[in-house]
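Given next are the chains, with one letter for each unit.
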Amino acid sequence: MIGSHLGAAGALVERVLLDDRVPESERVWLLVETEGAMSAAEGLARRIDDGGPDESTLADSLHIRYCVQDALSRMVPRAVDLLGDLDSTASDEVDHLATCANGLALHPPARFRMTGPPAAYLVDGPLTIT
């Protein structure tokens, strides 16, 4: 789920990175946001592949999911804004990628339902997903 939404955002950001009309500072900011989110997701996937899921991995997957969700909420609108003056065909593609990238917040578990369990886990309680 994280990878799919990040992939769409990455394709969107790539268009910004290749556009030399976009200021360098904007391109670098988007690159840093994207690479940070992707590195976190890749590290989690590697951890699952290497050791299998356990409660600690589940907790980290929630942390990374919400971290990536926040990064997407910053990256995607900024990339769309920076690509705003494209022709209609490119604009349709940008709209499609933005829509695909923005769906992570729609997947359960919703953040507002998950404040108690991670808080309990931080003080050695069990991590339960509701």
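Structure: see above.
Residues numbered from 1 in each chain as written. Predicted model: local features only at pLDDT ≥ 70, side-chain atom pairs only at ≥ 80, totals over all residues. Heavy atoms only, no water.

Undergrad: It is not clear to me how the packing of helix 2 (residues 24–51) against helix 3 (residues 55–82) should be interpreted in this structure. Could you clarify?
TA: At a minimum axis distance of 10 Å, the contact between helix 2 and helix 3 shows a crossing angle of 155°. Relative to helix 3, the element helix 2 is oriented roughly antiparallel. Of the two elements, helix 2 crosses helix 3, and the hand of that crossing is left-handed. Of the residues in helix 3, those in contact with Glu 26, Trp 29, Leu 30, Glu 33, Thr 34, Ala 37, Ala 40, Ala 41, Leu 44, Arg 47 and Ile 48 of helix 2 are Ser 56, Thr 57, Asp 60, Ser 61, Ile 64, Val 68, Ala 71, Arg 74, Met 75, Arg 78, Ala 79 and Leu 82. (Axes fitted to C-alpha atoms, helices over the stretch in contact; angles between N-to-C directions. Helix = DSSP H or I, 4+ residues; strand = E, 2+ residues; numbered from the N terminus. Parallel < 35°, antiparallel > 145°, perpendicular 65-115°, else oblique. Left-handed = near helix turned anticlockwise from the far one by under 90°. Contact = heavy atoms within 4.5 Å.)

Undergrad: Sorry, what's going on with the nonpolar core here?
TA: Ranked by size, the top nonpolar core spans 27 residues in total, and within it Leu 12, Val 68 and Leu 72 carry the most contacts. Only helix 1 (2–17), helix 2, helix 3 and helix 4 (88–101) provide two or more residues apiece to this core. Once you skip the residues sitting within four places of it in the chain, Val 68 turns out to touch Ile 2, Leu 6, Ala 37 and Leu 104. With 5 residues, the next largest nonpolar core counts Ala 59, Leu 62, Met 114 and Leu 127 among its residues. (Core = buried A, V, L, I, M, F, W, Y, C linked by side-chain atoms within 4.5 Å. Buried < 20%, exposed > 50% of the residue type's maximum accessible area, 1.4 Å probe, protein only.)

Undergrad: Honestly, helix 2 in this entry has me stumped. Any pointers?
TA: Helical geometry note: an α-helix holds 3.6 residues per turn, so side chains three or four residues apart project in the same direction. The terminal C-alpha atoms of helix 2, which comprises 28 residues, lie 40 Å apart, in line with the 40 Å expected from a rise of 1.5 Å per residue. Of the residues flanking the end of helix 2, it is Gly 52, one or two places downstream, whose phi is positive at about 80°. (Expected span 1.5 Å × (residues − 1).)

Undergrad: So what exactly am I meant to see when it comes to the pattern of salt bridges here?
TA: Side chains bearing opposite charge may pair, as long as their charged atoms lie close to each other. In this structure the tally under the stated criterion is 6 salt bridges. Across the salt bridge formed by Asp 60 and Arg 47, the nearest N and O atoms sit 2.1 Å from each other. You can see Asp 60 sitting in helix 3 and its partner Arg 47 sitting in helix 2, a full 13 residues away along the chain. Accessibility expressed as a relative area gives 24% for Asp 60, which makes it partly exposed. Its relative accessible area of 29% is what places Arg 47 among the partly exposed residues. One salt-bridge network, in which partners are shared between bridges, spans Glu 26, Arg 78 and Asp 81. (Salt bridge = Lys/Arg side-chain N within 4 Å of Asp/Glu carboxyl O.)

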